[in-house]
Amino acid sequence: RARANQQALAGTNYRVTSNLRVRSGPGTSYGQVGSVSRGQIVAVNGTSGDWARLNGGGWVSARYLSNY
C-alpha cells in the first residue's frame, strides 16, 4: 500500500477477509498472540509497512482488511 493509504487505515474499522494470526509485532517473525476470523470487524489504530495495528493490541497483515 502507498504511504497515504497506510495512514488512511488508522482510526478506521475494517472487515477481515481471511482467517488471520494476530502477531505481537508488524511481521511474520513476531510470535502469534491471537487470531481473528474472516468476517470479523476490527478497529485499526496504526500501521507499519503492510501491517495494521489493531485497537485491542496485536498486528495483522493489512492486505486482508477491507472497508467496512
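Preceding this paragraph is the structure being described.
Summary of the structure given here. Each chain carries its own residue numbering, running from 1 in the direction its sequence is written. Residues qualify for local features only when their pLDDT is at least 70, as the model is predicted, and side-chain atom pairs are given and counted only at 80 or more; totals for whole chains, interfaces and linings, by contrast, use all residues. Water and hydrogen atoms were dropped before computing side-chain values, which therefore reflect all heavy atoms in the structure.

Structural notes on the overall build of the chain
Then comes step 1: On a plain count of helices and strands, the chain comes out with one helix and seven strands.
Then comes step 2: Numbering of helices and strands runs from the N terminus; a helix is a DSSP stretch of H or I covering at least four residues, while a strand is a stretch of E covering at least two. In sequence order, the chain lays out its α and β elements as α-β-β-β-β-β-β-β.
Then comes step 3: A 1.4 Å probe rolled over the protein chains alone gives each residue an accessible area, and that area as a share of the maximum for its type sets the label: buried under 20%, exposed over 50%, partly exposed in between. When each of the 68 residues of the chain is scored for burial, the buried share is 32%.
Then comes step 4: Any two residues whose heavy atoms approach within 4.5 Å are treated as being in contact. At a minimum sequence separation of 6, the contacts of the chain that also span at least 24 residues come to 50%.
Then comes step 5: Accessible surface area values rest on a Shrake-Rupley calculation with a 1.4 Å probe, where residue burial reflects the displayed protein chains alone. In the form shown here, the chain has an accessible surface area of approximately 4,100 Å², with 39% of it arising from carbon and sulfur atoms.

Brief notes about the pattern of salt bridges
Then comes step 1: One speaks of a salt bridge when a side-chain nitrogen belonging to Lys or Arg is within 4 Å of a carboxyl oxygen belonging to Asp or Glu. One pass over the structure, following the stated rule, counts one salt bridge.
Then comes step 2: As a salt-bridge pair, Asp50 and Arg63 come within 3.1 Å of each other at their nearest N and O atoms. Of this pair, Asp50 sits in the loop between β4 (41-48) and β5 (51-54) while Arg63 sits in the loop between β6 (59-61) and β7 (65-67), and the two are 13 residues apart along the sequence.
Then comes step 3: Judged by its relative accessible area of 25%, Asp50 falls in the partly exposed class.

Observations concerning the side chain of Ser61
Then comes step 1: Tracing the chain through its elements places Ser61 in strand β6.
Then comes step 2: The residues touching Ser61, leaving out its near neighbours within four places in the chain, are Leu20, Asp50 and Trp51.

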